[in-house]
Amino acid sequence: MSTARTLSRRTVIKGTGALVLSFSLSPSSWSREAEGAAQPQTGTASLPGSLRRDPLLDAWIRIDAGGRVTAFTGKAELGQGIRTALLQVVAEELDVPWGHLTLVSADTDRTPNEGYTAGSHSVQDSGTALRNASAQVRAILIVEAARRLSLPPEQLHTESGAVIAPSGSRLLYGDLVASISWHVQAQPVSQLKDPGRFSVMNHPVPRVDIPAKVSGGAAYVQDMRLPGMLHARVVRPPSYGAKLLDADIKDVESMPGVMKVVRNGSFLAVVTQREFQAVKAMQVLARSARWSESATLPVESDLRPLLLGLPSRDEVIVDTLASSHSQAPADGSVKLEVTYSRPYIAHGSIGPSCAVAKFTDGALTVWSHTQGVYPDRQAIAEMLHLAPDKVRCIHVEGSGCYGHNGADDAAADAALLAVAIPERPIRLQWMREQEHAWEPFGPAMLARARGSLDSSGRIDTWEYGVWSNTHSMRPGPAGALLAAQYLAQPFPVPDPQPLPLPEGGGDRNAIPLYCLPHARIVHHFLPDMPVRISALRSLGAHMNIFAIESFMDELALAARADPVEFRLRQLDDPRGRDVLSAAADEFHWAARPAGGNGQGFGFAFARYKNLAAYCAIAVQVEVNPGTGRVRVVRAAAAVDAGEVINPDGIRNQIEGALVQSLSWTLFEQVRFDRRRITSVDWATYPILRFGSVPDSMTVRILERPGEPFLGCGEVAQGPASAALANAVANATGKRIRDLPLSPQRIKAALAT
Amino acid sequence: MIDLTVNGQTHGIDADPDTPLLYVLREDLQLNAAKFGCGLGQCGACTVLVDGAPALACVIPIMLLAGKQITTLEGIGTLEDPAPIQQAFMEEQAAQCGFCIAGMMMRAQALLQANPRASDAEIRAHLQPNLCRCGTHLRILRAVHRAAALILSGHPAATHAAGASGQAGGAAGPDRHGSDGPSPAAPEDRLRPDDRDLSRHPQQRERPER
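Caption draft 1: Inspection of the overall build of chain A at higher detail. Tallying secondary structure elements over chain A gives 18 helices and 24 strands in all. At 27 Å, chain A has a C-alpha radius of gyration in line with the 27 Å of a compact globule built from 752 residues. Across its three principal axes, chain A shows a C-alpha extent of roughly 85 × 75 × 50 Å. At a minimum sequence separation of 6, the contacts of chain A that also span at least 24 residues come to 78%.

Caption draft 2: Here's a closer look at the overall build of chain B. Each helix and strand counted, chain B has 6 helices and 5 strands in total. The 210 residues of chain B split such that 56% are buried. Nonlocal contacts in chain B, meaning residues at least 24 apart in sequence, comprise 59% of its contacts between residues at least 6 apart.

Caption draft 3: Layout of helix α15 (residues 574-587) of chain A. Residue and element names in this part refer to chain A. Compared with the 20 Å implied by 1.5 Å per residue over 14 residues, the 20 Å span of α15 between its first and last C-alpha is a close match. Taken residue by residue, α15 has Gly576, Val579, Leu580, Ala582, Ala583, Ala584 and Phe587 as its buried positions. Here the buried face of α15 lies against α14 (563-569), β21 (599-607), β22 (614-623), β23 (630-640) and β24 (696-701). One or two residues past the end of α15 sits His588, with phi positive at roughly 60°.

Caption draft 4: Broad picture of the interface of chain A and chain B. Residue-level contacts link 70 residues of chain A with 71 residues of chain B. When contributions to the side of chain A that touches chain B are tallied by element, the ones reaching two or more residues are α2 (82-94), β3 (101-105), α5 (210-213), α7 (275-288), α16 (647-667) and β24 of chain A. When residues in the side of chain A that touches chain B are grouped by element, the largest group, 9 residues, is from α16 of chain A. In terms of residue class, the side of chain A that touches chain B is built from 36 nonpolar, 22 polar and 12 charged.

Caption draft 5: Geometry of helix α10 (residues 407-420) of chain A. Residues and elements named next belong to chain A. Between its terminal C-alpha atoms α10 stretches 20 Å, which fits the 20 Å expected from 14 residues at 1.5 Å a residue. When you tally the buried positions in α10, you get 12 out of 14 residues, the bulk of the element. Along α10, the residues that are buried comprise Ala407, Asp408, Asp409, Ala410, Ala411, Ala412, Asp413, Ala414, Ala415, Leu416, Leu417 and Ala418.

Caption draft 6: Just the pairing of strand β14 (residues 354-360) of chain A, in detail. Residue and element names in this part refer to chain A. Counting buried positions over the 7 residues of β14 gives 6, a clear majority of the element. By the bridge criterion, 4 bridges tie β14 to strand β17 (residues 426-429) in an arrangement that is antiparallel. Within β17, the residue paired with Cys354 across the bridge is Gln429. Bridge count between β14 and strand β15 (residues 363-368): 6 bridges; the pairing is antiparallel. By the bridge assignment, Val356 is partnered in β15 with Trp367. The turn joining β14 and β15, which pair antiparallel and follow one another in sequence, is formed by 2 residues; a positive phi near 50° is taken by Asp361.

Caption draft 7: Fine view of the sheet that holds β22 of chain A. All names here are of chain A. If you walk across this open sheet you meet the 4 strands as β21-β22-β23-β24, and the pairing is mixed. Two strands close off the open sheet at either side, each with one partner strand: β21 and β24. With strand direction ignored, the average angle separating the axes of adjacent strands in the sheet is 15°. Of the pairings in the sheet, the one linking β23 to β24 comprises 6 bridges and is parallel in character. From the neighbouring strand, Ala638 faces β24, where its bridge partner is Arg700.

Caption draft 8: How the structure looks around the environment of Arg634 of chain A. Residue and element names in this part refer to chain A. Relative to the helices and strands, Arg634 resides in strand β23. Overall, the presence of 17 C-beta atoms within 10 Å leaves Arg634 in the partly exposed class. Taking the C-alpha atoms as reference points, Arg634 and Ser696, separated by 62 residues in sequence, lie 4.9 Å from one another. Apart from residues lying up to four places away in sequence, Arg634 is in contact with Gln620, Pro694, Asp695, Ser696 and Met697.

Caption draft 9: Seen up close, the sheet that holds strand β2 (residues 69-73) of chain A. Residue and element names in this part refer to chain A. Read across the open sheet, the 3 strands follow the order β1-β2-β3; overall the sheet is mixed. Edge strands, defined here as strands with exactly one partner in the open sheet, are β1 (61-63) and β3. Shown here is a sheet whose adjacent strand axes are inclined to one another by a mean of 20°, direction ignored. Where β1 and β2 come together, 3 bridges link them in antiparallel fashion.

Caption draft 10: Region of interest: the nonpolar core. Ala414, Ala583, Cys615, Ile617, Ala618, Ala637 and Val639 of chain A are the most contacted members of the largest nonpolar core, which totals 294 residues. Apart from the residues lying within four places of it in its own chain, the contact partners of Ala618 of chain A are Ala583, Ala584, Phe587, Trp589, Phe601, Gly602, Phe603, Ala635, Ala636 and Ala723 of chain A.

Caption draft 11: Molecular detail of the packing of helix α2 (residues 84-91) of chain B against helix α5 (residues 137-152) of chain B. Residue and element names in this part refer to chain B. As a packed pair, α2 and α5 sit with axes 8 Å apart at the nearest point and diverge in direction by 135°. By the angle between their axes, α2 is oblique relative to α5. For the crossing formed where α2 meets α5, the hand is right-handed. In this structure, α2 uses Pro84, Ile85, Gln87, Ala88, Phe89 and Glu91 to contact α5, whose residues at the interface are Ala143, Arg146, Ala147, Leu150 and Ile151. Partitioning the contact of α2 with α5 into residue classes produces 8 nonpolar, 1 polar and 2 charged.

Caption draft 12: Just the confidence of the model for chain B, in detail. Of the residues in chain B, 74% reach a pLDDT of 70 or more, and the chain-wide mean stands at 81. Scoring of the predicted complex yields 0.91 for pTM and 0.94 for ipTM.

Caption draft 13: Representation of the packing of α2 of chain A against helix α3 (residues 122-149) of chain A. All names here are of chain A. The interhelical angle for the contact between α2 and α3, taken along N-to-C directions, is 25°, at an axis separation of 8 Å. Accordingly, the angle class assigned to the pair α2 and α3 is roughly parallel. In this structure, the crossing between α2 and α3 has a hand that is right-handed. Here Ile82, Ala85, Leu86, Val89, Val90, Glu93 and Leu94 of α2 come into contact with α3, specifically with Ser122, Val123, Ser126, Gly127, Leu130, Arg131, Ser134, Ala135, Val137 and Arg138. Grouping the constituent residues of the contact of α2 with α3 by class yields 10 nonpolar, 4 polar and 3 charged.

Caption draft 14: View of the environment of Cys58 of chain B. One can find Cys58 of chain B in the loop between β4 (53-56) and β5 (69-71). In this view, Cys58 of chain B contacts Pro20, Leu22, Phe36, Cys38, Gly39, Gly41 and Cys46 of chain B; residues no more than four positions away in its chain are not counted.

Caption draft 15: Spatial organisation of unusual backbone geometry. Residue and element names in this part refer to chain A. Pro502 follows Leu501 through a cis peptide bond whose omega is 15°. With respect to the helices and strands, the residue Pro502 is situated in the loop between α12 (482-485) and β20 (518-525). Along the chain, Leu739 connects to Pro740 via a cis peptide bond; the corresponding omega equals -5°. Here Pro740 lies in the loop between α17 (717-732) and α18 (743-750). Non-glycine residue Asp361 carries a positive phi angle of around 50°. Tracing the sequence through the fold places Asp361 in the loop between β14 and β15. Judged by local crowding, Asp361 falls into the exposed class, with 7 C-beta atoms found within 10 Å. At Asn610, a residue that is not glycine, the phi angle is positive and equals roughly 60°.

Caption draft 16: Structural detail: the confidence of the model for chain A. Taken as a whole, chain A shows an average pLDDT of 93; of its residues, 93% reach a score of 70 or greater. Within the model, the stretch residues 1-32 of chain A combines pLDDT values under 50 with 57 contacts to residues more than four positions away or in other chains.

Caption draft 17: Expanded view of the environment of Ser550 of chain A. Residues and elements named next belong to chain A. Position of Ser550 among the secondary structure elements: in helix α13 (residues 541-558). For Ser550, a count of 25 C-beta atoms within 10 Å puts it in the buried group. As a C-alpha pair, Ser550 and Asn726 span 176 residues in sequence and 6.2 Å in three-dimensional space. In this structure, Ser550 is in contact with Tyr340, Ala722, Ala725, Asn726 and Arg737, ignoring residues within four places of it in sequence.

Analysis parameters
Residues numbered from 1 in each chain as written. Chains lettered and ligands numbered in written order. Predicted model: local features only at pLDDT ≥ 70, side-chain atom pairs only at ≥ 80, totals over all residues. Helix = DSSP H or I, 4+ residues; strand = E, 2+ residues; numbered from the N terminus. Rg over C-alpha atoms; globule rule 2.2 N^0.38 Å. Contact = placed C-beta atoms within 7 Å. Buried ≥ 20, exposed ≤ 12 C-beta atoms within 10 Å, placed from the backbone. Expected span 1.5 Å × (residues − 1). Nonpolar A, V, L, I, M, F, W, Y, C, P; charged D, E, K, R; others polar. Pairing = 2+ DSSP bridges. Axes fitted to C-alpha atoms, helices over the stretch in contact; angles between N-to-C directions. Core = buried A, V, L, I, M, F, W, Y, C linked by C-beta atoms within 7 Å. Parallel < 35°, antiparallel > 145°, perpendicular 65-115°, else oblique. Left-handed = near helix turned anticlockwise from the far one by under 90°. pLDDT = per-residue confidence, 0-100.

See the structure below:
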């Protein structure tokens, strides 16, 4: 189906002299894929980045007769700055002026299918694809110019949208494109620019999306106003699995501005002319609705027994533990065994999810802040029994998502309503309580670590188990969409699958980067999901790094070793060692005073997924023994993200991730009773406010010119959490192993 | 019909008197800056100024606002002629997703209008009602300090002198106006309005960039 669309859209606009380069959509399978990881087409495995999925150059770059360059990416701007970074890559490798560049992103009619914008893959996959495609397009332009000038290509170079001859004569890209065929497969190897010559990459280019955001420009899907647009609100069930018995639909339909009340099974929504009319009608409808509910939720306070008690499918992911080591450590050396946990954590987007949809002539267009326009299109098409090529899904930015929040569900809601009221665009927005109660949370997790030291104070044995749900219940199948689960003919929730290593899901980063002579690591995958869950920034890496790096400190304490020195003892990876040392240096770790009496210092390190960016973080805290409150005084981070595209973009991501992770670690926990999610706003689900922001924070970026890009958008989540926990332990002498490190827990620990 | 004065202009608004101001700003007046975050007065994404004081537009019904001066982010400056707070947020690149940022800027604006010499502690305390989920807080603080410096030094002439980052953190900011570092975008290019227009021709939208 996507192939047919591709062919139908391959067009040459006549009369302009420009070859409008088409773009091809991969005939990709619609099977669900790991978080953001590329699924290569056959025969393209040697190509760089997402060129593996879509190997044709004209899927990525097109140049018109006026020399304007349009780049295409399947990745979406989520507030992480990806538009700016990708534009920098193209400007640099193609030698085009910034003002001649346009980027089209994440649109099922226009851009390559790059799956989800997830897993810190955007720069690694799309950035690499665009970089290589740009370099190859530039090389082709040089060859064409050489042919026209009857000169050897080696004598030509490019500059600012033109090929330059030794004589100084310039052939503009726009004048060269018409005679070149761009519908060609990319080559495995490109002639990339020497990083020493970069004038755009590795520079802090200001973000292209910020001006609209600081001036009231239309920057978000929430800001869309289409002609004839109607507004809608959904009445969500009060609890998971609740069934709608009845509601006063007729009364509500007589309210001012109400166009229609849409009911399909337990999916209930109202469409109005004006937005606040929708809110009021929703409230009346909700008050009148009667539901049958049941107690489907576990006891919130019993997370540890819950996670250990759920049926698990166990997979041993590392086993180098000789049988002699599984019993008792040799020669009476230190042995520790401890358990860590984290609760369910909300994405907590500041703006509730929103979508606009319009159904015309049997075709549906959905504007959504989804992370995956193609999978979302598939799910919506299946839900509505439409052919996928009758559904177009276009990404428009929303509030930051930090993973799979309500975006796809809101898109499905809007799609259902658009089909119910054709020809009119419908803008559907969730309420705060709906976002908080119905988003798929980051799963609760438990980790059990057992380790021993040899007589020289190095780790001898390491046994680790992590208990977790899957970390992706994203669309692809219609049953992943909330609305689809509540229709009169509901779609079943898909069977959860563990995400495969090396990226992993619950076991993401469960394997330490340290050298462990005897290790056994088990992923206890929990298929039952009493709470609705899916991907939250860094997936299982947050919990695993929190646990591993907490345990490293516990072992270091047992070994009477400095935490940084103890880590370096068992870390061979040279780039990891550099990052560790850089963070220690940035923080002046060696010069810190001794912890205790309420002042503490903590350190942690990880390489995200063991294959993306490296990050080490040090923090200083003060713990008030009277209140149990933690004040983060300062933090320092070091990061190695490979070749740097935008240093300020990396800094912004690390700073933000660090603060967000402090919030998770200190404050956050989804609350529920046996029937309902009870943390439904910012009062019942408090997050970090300015009063808890560190006094200062610094980020040191290690430059790795010529190395591959390493995604860094999620790398700080785990290290920040662990560094904070280690600092609290250092300050108080008490180790708290359950998140969040709430005042109640800290006071309780201090009382023991 | 209720007369509302927004950004110096009076509009006759035909909406129910209990309608929260936010819906009128966004729907009747087509102003984008104030955002719906919670509808509960808990997050500050909708912050505007009412008679110079920060107010939560998502919970104030318009019937309470007749005769008041309402100011939104659109009313304090434009990309062509940015207010110090706007210039400072751009220079500090103080946004990630940016959804909270307009509210942050308006609450900070209220403080700086009253006291451009506010201390770091005062700024933090003043911004306490506003939530940011991306963790951009330290940049926001730097931007507010920078805006204060711009105001005190007579914006906009003193842009280049406004290098002080205040107390809030030591991370280096992005390329500044007037810095030596090469930058593909001239300052005036960066400040040009975004020419995306989500209200027109969404099917053909090119999302042009500079």
